[in-house]
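# Inside the fold
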Amino acid sequence: MKKVEISVDDGKTWEKAALMLCEQERYAWIHWHFAWNVREKGEYTILVKATDSSGRTQPSVPIWNRKGYGYNAIQNVHVKIE
């Protein structure tokens with residue numbers, strides 16, 4: 001994986017997350033983190049996308065595949081800040 005990006009404004013802008021790479025485990029999950037300073041209370045959708053070393057980025061809409069096992073679209077999480 002080359003980078004992970006986060007958007008909290010419906011994809012208008014994207015910011016890089018910090019990757020925590022481990023060179024010894026080539027095909028393992030890659031951990032990342034992102035510090036988000038929330039300025040206003042409210043409901044948000046957090047979008048997350050990854051780009052691989054060949055420059056391929058996850059699509060916004062998933063590509064159909066049998067039984068949905070190969071889902072690889074941009075992830076989104078809805079949160080409410082009170």
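The structure under discussion appears in the preceding block.
Keep in mind the model is a prediction, meaning the values are calculated, not measured.

Of all hydrophobic cores here, the largest spans six residues; its members are Val4, Ile6, Ala17, Ile46, Val48 and Ala50. Among the secondary structure elements, those contributing two or more residues to this core are β1 (3–7) and β5 (42–51). When neighbours within four sequence positions are excluded, Val4 is seen to be in contact with Glu15, Lys16, Ala17, Leu19, Trp32, Val48, Lys49 and Ala50.

Tracing the backbone shows Thr45 in strand β5. Not counting chain neighbours up to four residues away, the residues in contact with Thr45 comprise Ser7, Val8, Asp10, Asn76, Val77 and His78.

Right, let's get into unusual backbone geometry. The phi dihedral of Asp10 falls on the positive side, at around 60°, and the residue is not glycine. For Asp10, the location among the structural elements is in the loop between β1 and β2 (15–16).

Within the element layout of this structure, Lys41 appears in the loop between β4 (31–33) and β5. The exposure class of Lys41 is exposed, given its relative accessible area of 67%. Residues Lys41 and Glu82 lie 41 residues apart in sequence; the distance between their C-alpha atoms is 5.4 Å. Non-local contacts of Lys41, meaning those with residues more than four positions away in its chain, are made with Ile81 and Glu82.

Calculation notes
Residues numbered from 1 in each chain as written. Predicted model: local features only at pLDDT ≥ 70, side-chain atom pairs only at ≥ 80, totals over all residues. Heavy atoms only, no water. Core = buried A, V, L, I, M, F, W, Y, C linked by side-chain atoms within 4.5 Å. Buried < 20%, exposed > 50% of the residue type's maximum accessible area, 1.4 Å probe, protein only. Helix = DSSP H or I, 4+ residues; strand = E, 2+ residues; numbered from the N terminus. Contact = heavy atoms within 4.5 Å.

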